[in-house]
Amino acid sequence: MNLVDERFSSPSLRALLALAVVFVMLATTGWTALRHHKGGGDALAVATAAWRHGSVGGRPLPDPQAAPGVIARFFASVGPDGAKLLAHRYPLVVGNLNGAPVAVRYQANRRSLVTARAQETARSRSSLLTAEGRQDAAQRADRYASLLDGKRQILAFDPTGRGRAAEVFGDLGTAERVSLVVPGVDTDVLSFEREDDPARAPVGMAGSLYAAEQAAAPRTRTAVIAWADYTTPQGVGLDASTGELAEQGAVRLAALVRSLPAHGSVSLFCHSYGSVLCGVAAPDLPSGRVSDITVFGSPGMRVDKAADLGTAARVWATRDSTDWIGDVPHMEFAGLGHGADPVSRAFGARVVTSEAAEGHAGYFRPGTDSLANFTSIALGRYPDVRCADGSDCTAGVA
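Residues numbered from 1 in each chain as written. Predicted model: local features only at pLDDT ≥ 70, side-chain atom pairs only at ≥ 80, totals over all residues. Heavy atoms only, no water.

Trainee: Give me the pattern of salt bridges: which residues, what numbers.
Mentor: Applying the stated criterion to the full structure yields 17 salt bridges. In this structure, aspartate 196 and arginine 194 form a salt bridge, with 2.9 Å as the shortest nitrogen-oxygen distance. Owing to a relative accessible area of 35%, arginine 194 belongs among the partly exposed residues under this scheme. In the salt-bridge network here, residues are joined through shared partners; they are Arg143, Arg152, Glu167 and Glu193. (Salt bridge = Lys/Arg side-chain N within 4 Å of Asp/Glu carboxyl O. Buried < 20%, exposed > 50% of the residue type's maximum accessible area, 1.4 Å probe, protein only.)

Now the structure itself:
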């Protein structure tokens, strides 16, 4: 090895080169974190302000930020009629209120979606908007109409800004095993689902996992949540390279997990930047509730090792050979980057196979090893999970 080779092989220089790649990515994407976010005003904030001054049966309403247990006890005290009245008066608040009965949340969110669809339909025809603005409004109206279709169970909905949503497959109230799909970059109310190749968007991912669970264990009561209820980064820019949005989302994720029925174990399936969020959230998730955390297409979890996550949950990881995230530097420097590669041997996760996944978002396609492994993890059938190196995935599994 000559002197030049030695210089370029030093760890410090490799880190600097990796950091340079990050800055080039930021520059060529136009610092996408600074792009204008389209969408309406903060409707939820307005609704929350009204809630804080409201009452039912002469009783003041609880702080919407109160612990889910406090919210649950309040709704139990006002009974079905009181809950129905609140869902009618404050649908945006009740539909996003962790601790409120899930059936009441579904009802409230349908009401909010009806209102939002009417507003966006009117905006799509307004001469006060540009052609681009009318097109954006029409797309939102179409999305809201889709979310209203049939008996869809919308657990969270907020039209503010780019929009957030969450949907439940199965009966969340009776589920023995609950899975949450946590998506990554560029997820909002418009990209929450897609008609072409549905399993590449959160709704299709969750639906694919639920269908696979039902096929594998039809007598097991399961539920899967497509959880796009946090603000994700836009593009591969500054927001995607830091943990700020992950930290904000982690608070929301922990609140949701605390509100889930206590009789079911919870598994997290975290894609791309969603795995950053799950890594940040891990130590603050309710002790004993989360049995498994699975990351795929991950840029890192902001720790050097799985043991540093501060969780008793089993940690699983996978990355398809065609996933471009493998070319992204796995490092952290001055707040940029997300740390070690979760599929590296040194990280310490159980690395599972993902054959046929194809690319960065194909992990839930039927027929893939990744979906089969995710299904076995979600059902707690650990002997059926295939580890990538052929080792026994059940080693150390209680």
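Trainee: Run through helix 7 (residues 131-148), naming residues and quoting values.
Mentor: With 18 residues, helix 7 extends 26 Å between its outermost C-alpha atoms, agreeing within 8% with the 26 Å of an ideal straight helix rising 1.5 Å per residue. Where helix 7 ends, the next residue or the one after it, glycine 150, has phi of about 65 degrees, a positive value. (Helix = DSSP H or I, 4+ residues; strand = E, 2+ residues; numbered from the N terminus. Expected span 1.5 Å × (residues − 1).)

Trainee: Go over the environment of glutamine 248 with me, naming the residues and quoting the values.
Mentor: Tracing the backbone shows glutamine 248 in helix 10 (residues 244-259). Residue glutamine 248 is classed as partly exposed on the basis of its relative accessible area, which comes to 42%. Residues glutamine 248 and leucine 277, spaced 29 residues apart in sequence, show a C-alpha to C-alpha distance of 8.5 Å.

Trainee: Which residues make up the layout of surface pockets, and what are the values?
Mentor: The volume enclosed by the largest pocket comes to roughly 830 Å³. In terms of lining, the largest pocket is formed by 39 residues, of which the most central are Leu44, Gln65, Asn96, Arg164 and Arg252. Of all the elements in the fold, those that place two or more residues in the lining of the largest pocket are helix 3 (43-52), helix 5 (91-94), strand 3 (153-158), strand 4 (164-170) and helix 10. Split by residue class, the lining of the largest pocket holds 18 nonpolar, 12 polar and 9 charged. (1 Å grid on protein atoms, 1.4 Å probe; cavity = no way out; pocket = protein on both sides within 12 Å on 5 of 7 lines; lining within 4 Å. Points joined across faces, edges and corners; volume = space filled by probe spheres on them. Nonpolar A, V, L, I, M, F, W, Y, C, P; charged D, E, K, R; others polar.)

Trainee: I'd like to hear about the packing of aromatic side chains, residue by residue, with values.
Mentor: Counting across every chain of the model gives 10 aromatic pairs. The interplanar angle of 50 degrees and the centroid separation of 5.4 Å between the aromatic rings of phenylalanine 269 and phenylalanine 374 together place this pair among those described as tilted. Within this pair, whereas phenylalanine 269 is found in strand 7 (residues 265-271), its partner phenylalanine 374 is found in helix 12 (residues 369-379), the two being separated by 105 residues in sequence. Take phenylalanine 269 and phenylalanine 374: they sit in the same class, and that class is buried. (Phe/Tyr/Trp six-rings, centres within 6.5 Å; stacked < 30°, edge-to-face > 60°.)

Trainee: Account for the packing of helix 8 (residues 202-216) against helix 12, naming residues and giving values.
Mentor: Following both chains from N to C, one finds helix 8 and helix 12 inclined at 70 degrees, their axes separated by 9 Å at the closest point. Considering the angle they form, helix 8 stands roughly perpendicular to helix 12. For helix 8 against helix 12, the interelement crossing comes out right-handed. Between helix 8 and helix 12, the contacting residues are Ser208, Leu209, Ala212, Glu213 and Ala216 on the first element and Leu371, Phe374, Thr375, Ala378 and Leu379 on the second. Considered class by class, the residues forming the contact of helix 8 with helix 12 number 7 nonpolar, 2 polar and 1 charged. (Axes fitted to C-alpha atoms, helices over the stretch in contact; angles between N-to-C directions. Parallel < 35°, antiparallel > 145°, perpendicular 65-115°, else oblique. Left-handed = near helix turned anticlockwise from the far one by under 90°. Contact = heavy atoms within 4.5 Å.)

Trainee: Hey, could you go over the sheet that holds strand 8 (residues 290-296) for me, with residue numbers and the actual values?
Mentor: Read across the sheet, 8 strands follow the order 3-4-6-5-7-8-9-10 without closing on themselves; strand pairing throughout is mixed. Since the sheet does not close on itself, it has two edges, and those belong to strand 3 and strand 10 (350-351), each with one partner. In this sheet, strand 4 lies alongside strand 3 in antiparallel orientation, the contact comprising 5 bridges. Bridge assignment links glutamine 153 to a residue of strand 4, and that residue is valine 168. In the packing of helix 6 (residues 102-123) onto the sheet, contacts are made with strand 3 and strand 4, and the angle to strand 3 comes to roughly 55 degrees. Seen against the sheet, helix 10 touches strand 3, strand 4, strand 5 (177-182), strand 6 (222-228), strand 7 and strand 8 and runs at an angle of roughly 155 degrees to strand 6. (Pairing = 2+ DSSP bridges.)

Trainee: Provide a residue-level description of the state of the cysteines, including the pertinent values.
Mentor: Using the criterion set out here, one finds 2 disulfides in the structure. The residue that forms a disulfide with cysteine 270 is cysteine 278, at a sulfur-sulfur distance of 2.1 Å. Its S-S torsion of about -85 degrees marks the bond between cysteine 270 and cysteine 278 as left-handed, since a negative value means left-handed. With respect to burial, cysteine 270 and cysteine 278 carry one shared label: buried. Across a sulfur-sulfur distance of 1.9 Å, cysteine 387 and cysteine 393 are joined as a disulfide pair. The sign of the 125 degrees torsion about the S-S bond sets the cysteine 387-cysteine 393 disulfide as right-handed. We classify cysteine 387 as buried; its relative accessible area is 10%. We classify cysteine 393 as buried; its relative accessible area is 3%. Across the protein, the disulfide pattern expressed with sequentially numbered bonded cysteines is 1-2, 3-4. (Disulfide = S-S within 2.5 Å.)

Interpretation note: all reported values are geometric properties and have no functional meaning in isolation.
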